[in-house]
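So the chains spell out like this:
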Amino acid sequence: MSNADYKNPVPSKSQHALIVQQLGLKIVSGEIPENAKLPSEAELCEEYQVSRPVFREAIRVLNAKGLTYSRPKIGTVVRPKDEWHLLDPDILYWLIQSTPENEFFKTLSTVRRVLEPELAYIAASTATEEDIARIKKAYAGMEQAESIEEFIQPDIDFHLSIAKATHNDLLAYMSKMLVLPLQQSIQVTSLRPNLQNHSLPRHKAILTAIENKDPLSARHASLVQLEDTKMAYDLIKK
């Protein structure tokens, strides 16, 4: 998924996946509000020109994502937002699609500020030589990138490698679930001039602190890097 254009996804050939995508986006965007009842099965089958089994499979997927629930004689109802599985990749994608960019960036920035400095702090205590080699490889990929497109993936790999170096499976999983919005953020902030001159020293400071087994410096370097990301976004959006 990492190389896809998430603003213009490739249309799915699966009928039920297409229904999931369209109804999911309507729910997450608020077009179908919380606690609202979806149109009847017969109406939606007619609208999407699909059979009942295909439609029911789509509803099972939406239910599994926490967006809806289905009850006999009631139908399918949209759950409150606080019950959605927000780390689900599809839901994250629909949030990116439907949320104003500046609002989503602020939300993501807060999440990153809570998570990434602590990941760096822990990694500085737990990283093995193999972990450090993996982080270095990602950093080298950022150094060698000759375009924004080439820069994005090693930047993501850098952050994922730090999460993996914590040797905490839950933290590593949470980081992987945030890859999609992280990519979206990097795509925007990478548009500033002299990208590597600004970004590389910030990332190198994180790497050096982890390599030196210095948790406090790693946390501080991560905070500096995130502040730089915020400044880059504000500069681009002026």
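- As annotated in an unreviewed UniProt entry, the protein chain carries the name HTH gntR-type domain-containing protein and is attributed to Acinetobacter variabilis.

**Quick look at the confidence of the model for the protein chain**
Then, number 1: On average, residues of the protein chain score 89 in pLDDT, and 94% of them are at 70 or above.
Then, number 2: Per-residue pLDDT, averaged within each element of the protein chain, yields its smallest value for helix α9 (residues 179–189) (84) and its largest for helix α6 (residues 129–144) (97).
Then, number 3: The low-confidence segment residues 1–12, where pLDDT is below 50, has 18 contacts with residues more than four positions distant or belonging to other chains.

**With respect to the domain arrangement of the protein chain**
Then, number 1: Segmentation of the protein chain into domains returns domain 1 (15–83) and domain 2 (101–236).
Then, number 2: Computed over C-alpha atoms only, the centres of domain 1 and domain 2 are separated by 36 Å.

**Some thoughts on α6**
Then, number 1: Here α6 is 16 residues long and its end C-alpha atoms lie 22 Å apart, about the 22 Å a rise of 1.5 Å per residue gives.
Then, number 2: Three or more residues of α6 are buried, namely Asp 131, Ile 132, Ile 135, Ala 138, Tyr 139 and Met 142. One face of α6 carries all of its buried residues, which in axial projection span an arc of 125°. Away from its buried face by more than 90 degrees, α6 exposes Glu 129, Glu 130, Lys 137 and Gln 144.
Then, number 3: On its buried face, α6 is in contact with α5 (101–126), α7 (148–165) and α10 (195–211).

**A short note on unusual backbone geometry**
Then, number 1: Phi is positive for Lys 73, close to 70°, though the residue is something other than glycine.
Then, number 2: Checked against the element boundaries, Lys 73 lands in the loop between β1 (68–71) and β2 (75–78).
Then, number 3: Residue class for Lys 73 comes out exposed when judged on its relative accessible area of 89%.
Then, number 4: In this model, Lys 213 sits at a positive phi of 55°, which is unusual for a non-glycine residue.

**Thoughts on the pattern of salt bridges**
Then, number 1: In total, this model carries 13 salt bridges according to the counting rule given.
Then, number 2: Note that Lys 65 and Asp 88 form a salt bridge whose closest N and O atoms lie 3.0 Å from each other. Note that Lys 65 is positioned in the loop between α3 (52–64) and β1 and Asp 88 in the loop between β2 and α4 (89–98), a separation of 23 residues in sequence.
Then, number 3: Residues Arg 134 and Glu 130 are paired through a salt bridge, measuring 3.4 Å at the closest nitrogen-oxygen approach. Within this pair, Arg 134 and its partner Glu 130 are both found in helix α6, separated by four residues, close to a single helical turn.
Then, number 4: Arg 134 gets classed as partly exposed once you look at its relative accessible area, which sits at 24%.

**Details of the nonpolar core**
Proteins that are soluble and globular tend to have nonpolar side chains buried together.
Then, number 1: If you look at the biggest cluster of nonpolar residues, it comprises 28 residues, and the most contacted ones within it are Ile 19, Leu 23, Phe 55 and Leu 67.
Then, number 2: Secondary-structure elements contributing two or more residues to this core are α1 (15–29), α2 (41–48), α3, α4 and α5.
Then, number 3: Mapping this core onto the domain boundaries places at least three of its residues in each of domain 1 (15–83) and domain 2 (101–236).
Then, number 4: The contact partners of Phe 55, leaving out residues within four places of it in the chain, are Ile 19, Leu 23, Glu 41, Leu 44, Cys 45 and Val 50.

**So, the packing of α4 against α9**
Then, number 1: For the pair α4 and α9, interaxial distance at closest approach is 9 Å and the crossing angle is 30°. One element, α4, and the other, α9, form an angle in the roughly parallel class. Mapping the contact onto sequence places Pro 89, Leu 92, Tyr 93 and Ile 96 in α4 and Leu 180, Pro 181 and Gln 184 in α9.
Then, number 2: Residues belonging to the contact of α4 with α9 are distributed by class as follows: six nonpolar, one polar and no charged.

**So, the side chain of Lys 65**
Then, number 1: For Lys 65, a relative accessible area of 8% puts it in the buried group.
Then, number 2: Apart from the residues within four sequence positions on either side, Lys 65 is in contact with Val 20, Trp 84, His 85, Asp 88, Asp 90, Ile 91 and Trp 94.

Conventions adopted
Residues numbered from 1 in each chain as written. Predicted model: local features only at pLDDT ≥ 70, side-chain atom pairs only at ≥ 80, totals over all residues. Heavy atoms only, no water. pLDDT = per-residue confidence, 0-100. Helix = DSSP H or I, 4+ residues; strand = E, 2+ residues; numbered from the N terminus. Contact = heavy atoms within 4.5 Å. Domains from an automatic or database assignment. Expected span 1.5 Å × (residues − 1). Buried < 20%, exposed > 50% of the residue type's maximum accessible area, 1.4 Å probe, protein only. Arc of directions from axis to C-beta. Salt bridge = Lys/Arg side-chain N within 4 Å of Asp/Glu carboxyl O. Core = buried A, V, L, I, M, F, W, Y, C linked by side-chain atoms within 4.5 Å. Axes fitted to C-alpha atoms, helices over the stretch in contact; angles between N-to-C directions. Parallel < 35°, antiparallel > 145°, perpendicular 65-115°, else oblique. Nonpolar A, V, L, I, M, F, W, Y, C, P; charged D, E, K, R; others polar.

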